[in-house]
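Take a look at the letters that make up each chain.
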Amino acid sequence: MPAQTHLFMCLKDNFGVLLHDPGSGRTAAIDAPEAAPVEAALKATGWKLTDILVTHHHGDHTGGIEELKGRYRCRVVAPDGEAGGIPEVDETVRDGDTVRVGALEGRVIVTPGHTSAPSTLYFPADKLVFAGDTLFSIGCGRVIEGTMAQMWQSMLKLRALPDDTMVHCGHEYTLANIRFAKTIEPDNKALAERGDEVKRLRGAGKFTIPATIGAEKVENPFLRADLPEVAKSVGLSGSPAWKVFAEIRERKNRF
Ligand SMILES: [Zn+2]
């Protein structure tokens, strides 16, 4: 049976998401920014929390873990390289490992850059990817613990996923990301159309994700740093792609 997901907001602009296997009844929270909205989501769906799959160690992704584990005794799965900064960890995972939620099978893709060793969780049969703060819709996370070159490699790993993969990310930043992306690619027609769609969604109080990898590939400048027209637009024609990526990321930091 295919996976079911339930998306909701936590804190100021964090996404929370529940991933449910209807066959076994197991339900995973992808990150746990805070306990109360996760519990409200469980109540709304009637699902029972069995697992928390953590993408990275930042407090706005882990703040609810202790309280939820205390209440539900759920299994906490965290990236091996960051487990020391995450409470109540039961299992750690590394690049290429499999994570199961009942019959749902996910693969861990370690995507360094935002932090040193975050897990991006990819469920190929369900065409779902949970990218934490590595990839946002029309954006990417700040490069804090890794290098720009590492983050660019992480972008390439995610860009290589099938076009119909649905991207879930850690924050509702899409509208602001599009405003910035238009400064890099003012003539990108698909990006302009996405901008109109996102404005409509936000105006109606709706979420702007999941996006697809296929759409992100043509609209997200951070996945497009190896295109000649993008390099040209930031004055770096002929430079290595990671340098173009770094320039775009630095411009976004100042935007
Ligand atoms: Zn983060």
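The structure displayed is predicted, hence computed values, not measured ones.

## Some points on the sheet that holds strand β4 (residues 48–53)
Across the sheet, which stays open at both edges, the six strands sit in the order β1-β2-β3-β4-β5-β6 with mixed pairing between neighbours. Taken across any chain shown, the strands that pair with only one partner, and hence form the sheet edges, are β1 (4–10) and β6 (91–93). The mean inter-strand angle of the sheet, taken between neighbouring strand axes irrespective of direction, is 25°. As judged from the three bridges shared by β4 and strand β5 (residues 75–79), these two strands associate in the parallel manner. Within β5, the residue paired with I52 across the bridge is V76.

## Quick notes on the coordination of the zinc ion
Around the zinc ion, the protein supplies H56 (NE2), H58 (ND1), H114 (NE2) and D133 (OD) as donor atoms, at distances of 2.2 to 2.3 Å. Of note is the zinc ion, whose four donor atoms meet at the metal with angles of 89 to 166° in an arrangement that counts as irregular. Summarised as a motif, the one-chain spacing of the donors to the zinc ion is H-x1-H-x55-H-x18-D. One end of the pair, H56, is in the loop between β4 and α2 (59–62); the other, D133, is in the loop between β10 (128–130) and β11 (135–136), and 77 residues separate them in sequence. Judged on exposure class, the residue H56 and its partner D133 are both buried.

## Some points on the packing of helix α4 (residues 148–159) against helix α9 (residues 241–254)
Two numbers describe how α4 lies on α9: the axes approach to 9 Å, and their chain directions differ by 100°. As judged from the angle between their axes, α4 and α9 are roughly perpendicular. Along the contact surface, α4 presents M148, A149, M151, W152 and M155, while α9 presents A241, W242, F245, A246, R249 and E250. The class makeup of the residues in the contact of α4 with α9 is nine nonpolar, no polar and two charged.

What counts as what
- Residues numbered from 1 in each chain as written.
- Predicted model: local features only at pLDDT ≥ 70, side-chain atom pairs only at ≥ 80, totals over all residues.
- Heavy atoms only, no water.
- Pairing = 2+ DSSP bridges.
- Helix = DSSP H or I, 4+ residues; strand = E, 2+ residues; numbered from the N terminus.
- Axes fitted to C-alpha atoms, helices over the stretch in contact; angles between N-to-C directions.
- Donors = N, O, S within 2.8 Å, 3.2 Å for Na, K, Ca; no water.
- Tetrahedral: all angles 85-135°; square planar, octahedral: opposite > 155°, others 65-115°.
- Buried < 20%, exposed > 50% of the residue type's maximum accessible area, 1.4 Å probe, protein only.
- Parallel < 35°, antiparallel > 145°, perpendicular 65-115°, else oblique.
- Contact = heavy atoms within 4.5 Å.
- Nonpolar A, V, L, I, M, F, W, Y, C, P; charged D, E, K, R; others polar.

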